[in-house]
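# Architecture and fold: a report
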Amino acid sequence: MVDLFVDRVLVKNNKDQDELDTQREIVMRLQNRILMLFFASAACESCQQFAPTLADFFKRLTDEFYVDRAAQLVLLYISLDQSEEQQESFLKELPKKCLFLAYEDPYRRELEAMFNVEELPTVVVLRPDCSILIPNAVQEILCLGPGCYRNWQEAAELIDRNFMISEDFEGKSMRSFSDPVRRLKYKVEDEKKKKKKKKGRGWGAGEEEDAGGDGGGPSW
């Protein structure tokens, strides 16, 4: 994934529109992450309707208000707008944590051709190795919401066991990677203790029966 943008300038969708313009910055932001390339335009009515859903989807997976640890997910807006003003207005509908390519960057159109974008909106989901995971995930996002991230995570073989959506924490106190291991260990030890205790009780009961059967000790 990093290879696609290592020589490019990515811009943060924040107030100052900070730029990621060094290889180190690009690598740190994109490496070992699933990337969503969002092709859209402010002039597209369907894009306008889909934008709030996508923004909510991304926030629920990356915002600390919803998750204990953000998903390894990056949202990159690839503008197909007809003017820079249109692009700027559409960016206001997207999360502050998303990235975008500057309007004057011709690479926007190269990516459109590279991924055969034929309709808007399109969300191309890429694995960390740059291969296509889903050509267009718009319908999946609309139907499944944040839940589909787990499917992407498994399909991309991306290991991030610390990620849990807020619903996963209801009624649970697990907060660290080692918790599941400790819980399994304790469960196994508890089972061993129960079996040992049960075995001990069974042996003792047998001796009592033999001893008290005729009052004369064991039958042999």
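Now for a description of the structure that goes with this document. (Residues numbered from 1 in each chain as written. Predicted model: local features only at pLDDT ≥ 70, side-chain atom pairs only at ≥ 80, totals over all residues. Heavy atoms only, no water.)

Let's shift gears to the pattern of salt bridges. Applying the stated criterion across every chain yields a total of 3 salt bridges. In this structure, D105 and R8 form a salt bridge, with 3.6 Å as the shortest nitrogen-oxygen distance. Remark: R8 occurs in the loop between α1 (2–5) and β1 (10–12) and D105 occurs in the loop between β5 (99–101) and α5 (107–114); sequence separation between them is 97 residues. With a relative accessible area of 13%, D105 lands in the buried category. A salt bridge links R109 to E112; its shortest N-O distance comes to 3.0 Å. A residue pair is termed a helical-turn pair when its members lie 3 or 4 positions apart in one helix, as R109 and E112 do in helix α5 at 3 residues. (Salt bridge = Lys/Arg side-chain N within 4 Å of Asp/Glu carboxyl O. Helix = DSSP H or I, 4+ residues; strand = E, 2+ residues; numbered from the N terminus. Buried < 20%, exposed > 50% of the residue type's maximum accessible area, 1.4 Å probe, protein only.)

For the structure on display, the rule yields 7 aromatic pairs. Arranged with centres 5.7 Å apart and planes meeting at 45 degrees, the rings of F38 and Y77 form a pair that is tilted. Placement of the pair is F38 in strand β3 (residues 34–40) and Y77 in strand β4 (residues 73–79), with a sequence separation of 39 residues. For Y77, a relative accessible area of 0% translates into the label buried. Considering the side-chain rings of F65 and Y66, the 5.0 Å spacing of their centres and the 85 degrees angle between planes classify their relative orientation as edge-to-face. (Phe/Tyr/Trp six-rings, centres within 6.5 Å; stacked < 30°, edge-to-face > 60°.)

We now examine the nonpolar core. Within soluble globular proteins, side chains that are nonpolar generally end up buried alongside one another. In terms of nonpolar packing, the biggest core is built from 35 residues, with M36, F38, L73, I141 and W152 touching the most fellow members. Sequence-distant contacts of L73, that is, excluding residues within four places in its chain, are made with R33, I34, M36, F57, F58, L61, T62, Y149 and W152. (Core = buried A, V, L, I, M, F, W, Y, C linked by side-chain atoms within 4.5 Å. Contact = heavy atoms within 4.5 Å.)

Of all 7 residues that make up β4, 7 are buried, and the element is covered over most of its length. What you see with β4 is no split at all: L73, L75, Y77 and S79 on one side and V74, L76 and I78 on the other are buried throughout. Relative to β4, β3 runs parallel, the two being bridged by 7 bridges. Within the sheet, the bridge partner assigned to I34 lies in β4 and is L73. This β-α-β element, β3 to helix α3 (residues 45–62) to β4, shows right-handed connectivity. Where β4 meets β5, 2 bridges bridge the pair, whose relative direction is parallel. Opposite L76, over in β5, you have L99 as the bridge partner. (Pairing = 2+ DSSP bridges. Right-handed = clockwise from strand over helix to strand, strands pointing away.)

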